[in-house]
Amino acid sequence: MIKALFSILVFPGLIFVGVLSFFAEFADRKLHARLQNRIGPPWFQPFADFIKLVAKEEIIPKEANSTIFQIAPVFALASVITAFLYIPLWDTRALFSFDGDVIVVLYLLTLPTMAIFIGGWYSTSLFARIGSVRAITQLFAYEIPLFMGILSAALLADTWSLYGITVFYNNHPLFWLSNIIGFFVSLIALMGKLEKVPFDAPEAETEIVAGSFTEYSGRFLALFRLTLDIEMVAGASLLAAVFLPVGLNLPLFARFTIYLAEVLFIVGLIALLRTIFARLRIDQMIRFCWKYMVPLGFIQLLINLVLKGILSR
Amino acid sequence: MHDSHKFKIPMGPQHPALKEPESFSIALKGEKILGVEIRLGYNHRGIEKACEERSYIQDIYLIERVCGICSHSHSTCFIQAVEEIACLQIPERAKYIRTLIGELERIHSHLLWLGVAGHEIGFDTLLMYTWRDREVVMDLLAELTGNRVNYAINTIGGVRRDVSEQQALDVLKAVDILEERTKYYIGIATTETSIIKRLLGVGVLSHEDALRLDAVGPTARASGVTRDVRRDDPYAAYGSLSFDVITDNHNDVYGRTLVRVKELLESFKIIRQVIKDMPAGPLSVKAPRKIPAGEALSRYEAPRGEDMHYIKSNGTEKPERVKVRAPTLANVQAVKHMLKDRYLADMPIVIAAIDPCFSCTDRLISVDYLDTNRKQIIKWQDLHAYSIAWHRRHGIDFTKLNKETRGAGF
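**Q** Could you clarify how one ought to interpret the pattern of salt bridges in this entry?
**A** Should the charged atoms of two oppositely charged side chains come close, the side chains can pair. Residue and element names in this part refer to chain A. Overall, the coordinates contain 45 salt bridges over all chains when judged by the stated rule. Of the charged contacts, one joins Glu 207 and Arg 279 as a salt bridge, the two residues approaching to 3.3 Å between their closest N and O atoms. Of the two residues, Glu 207 is situated in helix α9 (residues 205–208) and Arg 279 in the loop between α11 (252–275) and α12 (282–312); the sequence distance between them amounts to 72 residues. Accessibility expressed as a relative area gives 1% for Glu 207, which makes it buried.

**Q** Explain the nonpolar core here, please?
**A** Here is a general trend for soluble globular proteins: nonpolar side chains tend to be buried in one another's company. With 87 residues, the main nonpolar core has Leu 100, Leu 104, Ile 107 and Met 347 of chain B as its most contacted residues. Top contributing element to this core by residue count: helix α4 (residues 92–120) of chain B, with eleven residues. Not counting residues up to four positions away in its chain, the partners in contact with Leu 104 of chain B are Val 137, Leu 140, Leu 141, Leu 144 and Ile 271 of chain B. In terms of nonpolar packing, the next biggest core, distinct from the first, is built from 68 residues, Leu 146, Tyr 169, Val 233 and Ala 236 of chain A among them.

**Q** Help me understand the side chain of Ser 152 of chain A in this model?
**A** Residue and element names in this part refer to chain A. Here Ser 152 shows up in helix α6 (residues 126–157). Residue Ser 152 is classed as buried on the basis of its relative accessible area, which comes to 0%. Within polar-contact distance, the side chain of Ser 152 engages the backbone oxygen of Met 148 at 2.7 Å. Polar side-chain contacts of Ser 152 include one of 3.1 Å to the backbone oxygen of Gly 149. Among all residues touching Ser 152, those that are not within four sequence positions of it are Phe 147, Gln 300, Leu 301 and Asn 304.

**Q** So what exactly am I meant to see when it comes to the packing of α4 of chain B against helix α5 (residues 124–145) of chain B here?
**A** Packed helix pairs are characterised by how far apart their axes lie and by the angle those axes make with each other. Residue and element names in this part refer to chain B. In contact at an axis separation of 8 Å, α4 and α5 are set at 160° when each is read in the N-to-C sense. Between α4 and α5, the angle is such that the two are roughly antiparallel. The crossing of α4 and α5 is left-handed. Looking at the contact of α4 with α5, its residues break down into 16 nonpolar, six polar and three charged.

**Q** It is not clear to me how the sheet that holds strand β1 (residues 6–11) of chain B should be interpreted in this structure. Could you clarify?
**A** In a beta sheet, neighbouring strands are held together by backbone hydrogen bonds and run either parallel or antiparallel to one another. If you trace the three strands from one edge of the open sheet to the other, you get β1-β2-β3 (chain B), paired in antiparallel fashion. At either margin of the open sheet sits one strand with a lone partner, and together these are β1 and β3 (32–39) of chain B. Direction aside, the axes of adjacent strands within the sheet are offset by 20° on average. Across seven bridges, the pairing between strand β2 (residues 23–29) of chain B and β3 of chain B is antiparallel. When the sheet's bridge partners are listed, Ala 27 of chain B is paired in β3 of chain B with Gly 35 of chain B. Contacting β1 and β2 of chain B, α6 of chain A crosses the sheet at an angle of about 115° to β1 of chain B.

**Q** Whenever I open this one, the sheet that holds strand β8 (residues 319–325) of chain B confuses me. Can you help?
**A** All names here are of chain B. Read from one edge of the open sheet, three strands run β6-β7-β8, paired in antiparallel fashion. The open sheet is flanked by β6 (294–302) and β8, the only strands paired with a single partner. Averaged over all pairs of adjacent strands, the angle between their axes in this sheet comes to 15°, without regard to strand direction. Strand contacts of helix α2 (residues 56–64): β7 (305–313) and β8, with the helix running at about 20° to β8, the strand carrying the most contacts.

**Q** Looking at this structure, I do not really get the pairing of β6 of chain B. What am I missing?
**A** Moving residue by residue along a regular strand, the side chains alternate between the two faces of the sheet. Residues and elements named next belong to chain B. Summarising the sheet, β6 and β7 pair through nine bridges and their orientation is antiparallel. If you follow Tyr 300 over to β7, its bridge partner there is Asp 307. Turn length for the β6-β7 hairpin, with the two strands adjacent in sequence and antiparallel, is two residues.

Procedures and definitions
Residues numbered from 1 in each chain as written. Chains lettered and ligands numbered in written order. Predicted model: local features only at pLDDT ≥ 70, side-chain atom pairs only at ≥ 80, totals over all residues. Heavy atoms only, no water. Salt bridge = Lys/Arg side-chain N within 4 Å of Asp/Glu carboxyl O. Helix = DSSP H or I, 4+ residues; strand = E, 2+ residues; numbered from the N terminus. Buried < 20%, exposed > 50% of the residue type's maximum accessible area, 1.4 Å probe, protein only. Core = buried A, V, L, I, M, F, W, Y, C linked by side-chain atoms within 4.5 Å. Contact = heavy atoms within 4.5 Å. Polar contact = N/O pair within 3.5 Å; in protein donor to acceptor, adjacent residues only side chain to side chain. Axes fitted to C-alpha atoms, helices over the stretch in contact; angles between N-to-C directions. Parallel < 35°, antiparallel > 145°, perpendicular 65-115°, else oblique. Left-handed = near helix turned anticlockwise from the far one by under 90°. Nonpolar A, V, L, I, M, F, W, Y, C, P; charged D, E, K, R; others polar. Pairing = 2+ DSSP bridges.

In structure tokens:
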């Protein structure tokens, strides 16, 4: 009981993932800044931002639905942390796992977007409403390619559990090469999920101020920002577990280092991609996802189906 | 709001997309813009009136502060009118120095615009890069004039500072760096897909509309209107320099971007000629303190378009009337037209594409009473009376104070 609580709350649960996500945010911001020819923040900036926000007064708009406005960030944070507990990190087995957990993880990673939508909608600000509608519109565009990318990897491994997927790819390391399209499709879909440039229309500063977060302040905003950070780490860990399972037979320390390197690699890719593009309009974003990402997902699915047919012969 | 899916969102007076307070009230249907209402007047400073209360020399200082970006444009435009009334022939060297500073100002303004445009479409990397390169020209201006923005190089009858040999070499060196960077940006603007996607076909202003709405500057030139005061009505040293007027037929924000980056190359060309041909000689001629009675209209091609100053003098050391028409006032009506049937996401870049400077544009304040549909303009006397009444309500009575001071012999 105490051990389980420790795992959930401290390691590798809430506290660990919180700290890790702050470092991931730092890495993202620093790389982004260096690529933009800026100096960038010091390593403790995400911590400082979080503490500052928590200490600040929170203002709930008079018009807003106060309960939903306050619950939405907590709901979002709880769902990403739960998702994180089901993702295998530096081991083949996650803290908790069961057959079909890959679906549950993908579902749990969808919830923050829903929470952002609900929180934004019920804060009744016009900017927040436009932002939340954009967030939910975008959800339908990137979620399908993300599912296709990750599930086609699961298809090849012939299992619906993340445990099975990591074991399969660890035993057949060369097969990750066949999933390379799926990896990039999932990575780009993940950027949509995290609302990073070029898919940051839901919080486009120059159009709708801060989108869904316009009315949020203090603790609630801090929780939302922490949610997005943890979502980034959880998403990176998921991609690492599914697409880059290397060296899971090594000693613990080496495995841990490899895990961190993989997360950093994916965060670095996100930082690079968000540096080199302009923000797409929401209609362009939807068109891009359905025109290019979904067909690419289909190609990945076909490749894996054919491979599976050859293998089972 | 729910039933009709139509709603109005306020962009400004305070909004992250706008760098100055101005109100754009947008009627939206989903993401589509149905109509835009533009309201000026949040930043009116009464500079024209203030100029009429001050001497010409003081006015140069004031006029230079009409705009933070094209300060040299306004002061040159003002001074040209004054010199015309006073029939002053300014020395050739002064003309060349004015041209030099004017072109450097254009470079800094266009680079600034490019960065702002990048920011408006969510491409902050472009903002960081262009503003870094803009530092080169800002440092150069500081070296030449002592200031980064309000150069204070103009005076009635000439200029106040000379350009030394060493400074001329520095200018050429900086221009080489800037030219290389500008070519890089032209490369980006013409090849980077996400930029083209966001700019092409956005904010269309057809050739006819540009003429009908009297657009000026790069906004008009991107719609194929070959209009440039530097060529049409040469002032300073432009008459003896060779350069092209850049036009474009895209008619949209993309065209305006291309016009601006290509104009940078023209500016480099002009600066090289200016440095090469700059004649030796005095910097200024003596100007009378009292300008004879008369009137003059002066035009100047500011980075944002044609700037116009009208001055009427009455033989004293203060002007009778000063009228400033900044380029944004000519372009702002076109914005309404450009935004028709576009998406909300295009709004920031379409507004930014005319390179608006609202503090130059702002006119007097008019108050709309929404309930009775009545309009009111607050006059100076009304404002004075309102101020006295407000203070009286808060327990401060100036009437008594006025009497006391008068009694004491002030």
